[in-house]
Structure formats: C-alpha cells, structure tokens
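# An overview of the molecular structure
If you want the building blocks of each chain, they are given just below.
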Amino acid sequence: MAWKVPLADLDYGPEEERAVIDVLRSKWLTMGAVTQSFEGAFAALTGARHAMAVSNATQALHLACLALGIGPGDEVIVPSLTFVATANAVLYCGADVRFAEVLSSDNLTVDPVSIEACITPRTKAVIPMHYAGYPCRMPEIMALAEEHGLAVIEDAAHAPGATLDGRALGTFGEVGCFSFFSNKNLPTGEGGMLVTDRDDLAAKLRLLRSHGMTTLTYDRHKGHAFSYDVVELGYNYRIDEIRASLGLTQLAKLADNNAKRRLWTRSYWDALADLPVALPFKAADQGTSAYHLFPMLLPEGTNREAFMASLRDAGVQSSIHYRPVHTFSYYRERYGEISLPVTEALAAREVTLPLYPTMGEAGLGIVVEAATALLAHIV
Ligand SMILES: *Cc1c(COP(=O)(O)O)cnc(C)c1O
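Residues numbered from 1 in each chain as written. Predicted model: local features only at pLDDT ≥ 70, side-chain atom pairs only at ≥ 80, totals over all residues. Heavy atoms only, no water.

### Thoughts on the nonpolar core
By size, the foremost hydrophobic cluster in this structure holds 42 residues, and its most contacted members are Tyr268, Phe294, Met296, Phe307 and Leu353. Listed by contribution, the elements that provide at least two residues to this core are α9 (241–271), β12 (294–297), α10 (304–313), α12 (341–349), β13 (350–353) and α13 (360–376). Considering every element that reaches this core, the biggest residue donor is α13, with seven residues. Shared between two domains, this core holds at least three residues of each, these being domain 1 (14–250) and domain 2 (255–375). Setting aside residues up to four positions removed in sequence, Tyr268 forms contacts with Phe294, Leu353, Pro354, Met359, Leu364, Val367 and Val368. (Core = buried A, V, L, I, M, F, W, Y, C linked by side-chain atoms within 4.5 Å. Buried < 20%, exposed > 50% of the residue type's maximum accessible area, 1.4 Å probe, protein only. Helix = DSSP H or I, 4+ residues; strand = E, 2+ residues; numbered from the N terminus. Domains from an automatic or database assignment. Contact = heavy atoms within 4.5 Å.)

The following block contains the structure:
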C-alpha cells in the first residue's frame, strides 16, 4: 500500500549516506571512535555524566534492571499503557511487574497515585514511560521513590531532546533508556542509549553490555590492553559504528526535527479543536516534549476499526498506542485478569495520526481533511 501520508517517515539525506560510507571506508565496524563520539554527543544533549550506546532500547531497559540488582522475588511498577518491552525487560530478570494506571484523557503518562497503590514490600523500582515524549510527573514520582526507597528507570524511548523544568527526560531517575528504532525521533534502524549520572552504574552497565569483560576490543586494538577477565554474566548488547554514525548525523538534526514535530502537533490541535475528539497533552503542553506521536481519543463508543479503515482508504496510515500490556495473552496467563479501568477506557479510544518532521502542511492537510470528514458523521 502506497500511503499518501504514512504514520512516520525518515528525514535521511546525503549526510547520512556520507556518514555510513565514511565508516565503511574506515574498515572499523564496531566499538570504535564513532560510537564514542555518539555517546559523547548524547551525554552533552542530555547533560548526563555517562551515555552508553546499545543495539536497542529493550536491551537498555534490560541492562538498567540488571545493573540495579533487580531479580527474582522483586517487583517493578510499570504503566500498562506502554510498549510491551517496558514490562518484558523486568521479566527477563526473573522479577515481576505491577501495572499502574495512567492519569487521564489530558495526560496519558503514568499516575503517581496509582504507582503508590502498587507499592508492596517487594517493590524495587518504577519505570515511568514518557508517552509520546511528554514528561511524566517526575517530581511526584521521584518523591515517592525516595520515600519508599525505589530506583527509577525512565523509559525515554519517545523522548530524546525532551525536557522538564530545563532538565532532560531520562536524567531524573537512576538510569534513562532511549530508542533509536526506525520510527522514533532519532532513527538509526536499531539502536538505543543508556544514560546515568552514577559512576558505579555506568561501570556496571558497560560490563554487562560487553560479556562482562574487563577490557574491550577497541582498547586491545589500540594496544592499551592485551588480555581480559570476565567478572559478570554479561551480554553482547553493543551497537556498531554504522548505526552510531547515523545516530550522530540524526542527532545534529534532532532539535530542528523536534521543533517541526511541535509545529505539526500544534497545527493538528488547532485544526481538530472543534471535533468531538479528546486531544491528550494539549491543555498542559509546555513546548518541551519530543512530540514523538500524535495521539487522539475518539468519542466513547466510536467504531475505531471502521475509523482507521476509512483513514486507510483515504491513504492515511494510523496506529494505536497501545493495547495495554496487561491484556496480552502472555501477561493474562501469567497474572490472570487484571482490571485497569482508566487505562482500558482510554486505550480503547486512542488513534495515533501521522507525525514526522517532513510531513509538511500538505501532509497534515490530507490527514485533517480525512479525519474531519469521518468525524462529521459521528455524534
Ligand atoms: C520503541 C520502544 C521501546 C523499545 O525500543 P527498541 O529500541 O525497539 O527496543 C521501549 N519502550 C517504548 C515505550 C518504546 O516505544
């Protein structure tokens, strides 16, 4: 299907091609200078003391949980309205998740009151997820974490370049996890980043990322080291130089591209203001989101499938963010029936419209026209 307006699209050009060719010609494909530059640039972007690139954000979340000592018998609180990887990462460690509710139709991030209600003597950590790049209620979440001795891992997959009170999302908790998957704000194909201010966690994360080995290929190549020990059960979760070069190139475009996403988001909000839909995040937007997605809530009782099918017929791709994790078969079998009425009601109404830097007024106009025509029949 050739979409008139796809859900997402890359802003790739000659810069990305040149960056990749430079890496290919250098004949150094992994764990090298480009990855180090990418990590340095990402640390500068976020203001974090340490940034460590990995092959995807799922690995970042897994390593964050491991580095914080999360294991069998522990519980970690996550929102159910998230991508399944947020919860899966906890289960990889042998721990269990507890699902918290989101706030409301105005704000689809996790509800601190619901987090507090999920705390048990086994709770070790909480993973807030900055939905669509909009900040979770971090001051309240950090206060709760401190009061109850919980670690905070931020799922900032949607949030590179986003801030709250002047501070980068991903740097409020112990560890922040970012995704560079193809449809995210800083796409490299597959890719991810961990950030932390804690030296001890950074050292542990670096070990776990590379087989638990005490020295790396790059250091041995440079003659800095000749042998190594293995001191942890580690993984190979490294990124390669090709994708790091894409990351560096995209990082240079991130501020502009996030600004374009903000522009399209505000145009959508204005254009859809009189329709019978709810527009999450509109009321409280501070202009510091990464504007990763454009979520919209249909009126209760609307046939969402039919709505999305009609958009498709108009050449407009749409999506759903998300089917709540607790409703998936695997999680149902593991935890039984769980009731999260706020999450379930909001998720059932959610439709995500196309949003990407290069969509332009024309792309936006096509989506608005199609959505407006369809919604005119409703109510
Ligand atoms: C994309 C995403 C992830 C996983 O990222 P990958 O890099 O694809 O592993 C995790 N959490 C959220 C909220 C995401 O959207």
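### Things to note about the packing of aromatic side chains
Summed over the entire model, instances satisfying the criterion amount to 15 aromatic pairs. For the ring pair Tyr235 and Tyr237, a centre distance of 5.0 Å and an interplane angle of 25° mean the geometry is stacked. The exposure class assigned to Tyr237 is buried, which follows from its relative accessible area of 15%. Through successive ring pairs, a cluster of aromatic residues spans Phe83, Tyr131, Tyr134, Phe281, Tyr291 and Tyr322. For Arg167, the ring lying beneath its charged end belongs to Phe172, and the centroid distance is 4.5 Å. (Phe/Tyr/Trp six-rings, centres within 6.5 Å; stacked < 30°, edge-to-face > 60°. Lys NZ or Arg CZ within 6 Å of the ring centre and 35° of its normal.)

### A few points about the pairing of strand β11 (residues 192–196)
Most of β11 is tucked away, with five of its five residues classed as buried. By the alternation rule, side chains of β11 split into Gly192, Leu194 and Thr196 and Met193 and Val195, which are all buried. Bridge count for strand β1 (residues 50–54) against β11 is five bridges, and the pairing is antiparallel. Bridging across to β11, Ala51 finds its partner in Val195. Both strand β10 (residues 175–179) and β11 contribute to a ladder of four bridges, which runs antiparallel. The residue of β11 that forms the bridge with Gly176 is Val195. (Pairing = 2+ DSSP bridges.)

### Notes on the site of the ligand
Of all residues adjacent to the ligand, which total 16 residues, the nearest are Thr58, Asp155, His158, Ser179 and Lys184. Residue Thr58 places a side-chain N or O atom 2.5 Å away from an oxygen atom belonging to the ligand. Separating an oxygen atom of the ligand from a side-chain N or O atom of Ser179 is a distance of 2.8 Å. Relative to its unbound accessible surface of 380 Å², the ligand loses 93% to contact with the protein. Listing elements by their share of the shell around the ligand, those giving two or more residues are α3 (57–67) and α4 (84–92). Among the residues forming the shell around the ligand, the class breakdown is seven nonpolar, seven polar and two charged. (Near = heavy atom within 4 Å. Polar contact = N/O pair within 3.5 Å; in protein donor to acceptor, adjacent residues only side chain to side chain. Areas by Shrake-Rupley, 256 points an atom, 1.4 Å probe, with all protein chains shown as cover. Nonpolar A, V, L, I, M, F, W, Y, C, P; charged D, E, K, R; others polar.)

### Observations concerning the environment of His148
Tracing the backbone through its elements, the reader meets His148 in helix α6 (residues 138–148). For His148 and Thr120, which are 28 residues apart along the polypeptide, the C-alpha to C-alpha distance reads 9.6 Å. Other than its neighbours up to four places away in sequence, His148 contacts Glu116 and Ile119.

### Focus on α4
An α-helical turn contains 3.6 residues, so any two residues separated by three or four positions project in the same direction. In terms of burial, α4 is a largely internal element, seven of the nine residues being buried. By the burial criterion, the buried members of α4 are Ala85, Thr86, Ala87, Asn88, Ala89, Val90 and Leu91. If you follow the buried residues of α4, they end up packed against α3, β2 (75–79), β3 (96–100), β7 (151–155) and α11 (329–335). Gly94 occupies a position one or two residues after α4 and carries a positive phi of about 85°.

### Concerning the sheet that holds β10
Overall, mixed pairing links the seven strands, which are arranged β1-β11-β10-β7-β6-β2-β3 in an open sheet. With partners counted over all chains shown, the strands left at the sheet margins are β1 and β3, one partner each. Ignoring which end each strand starts from, the neighbouring axes of this sheet average 25° apart. Judged from the two bridges that link them, strand β6 (residues 123–126) and β7 form a sheet pairing that is parallel. Across the sheet, the residue bridging to Ala125 is Ala151, located in β7. The strands that α4 touches are β2, β3 and β7; relative to β3, the one it contacts most, it runs at about 150°. Strand contacts of α6: β6 and β7, with the helix running at about 150° to β7, the strand carrying the most contacts. (Axes fitted to C-alpha atoms, helices over the stretch in contact; angles between N-to-C directions.)

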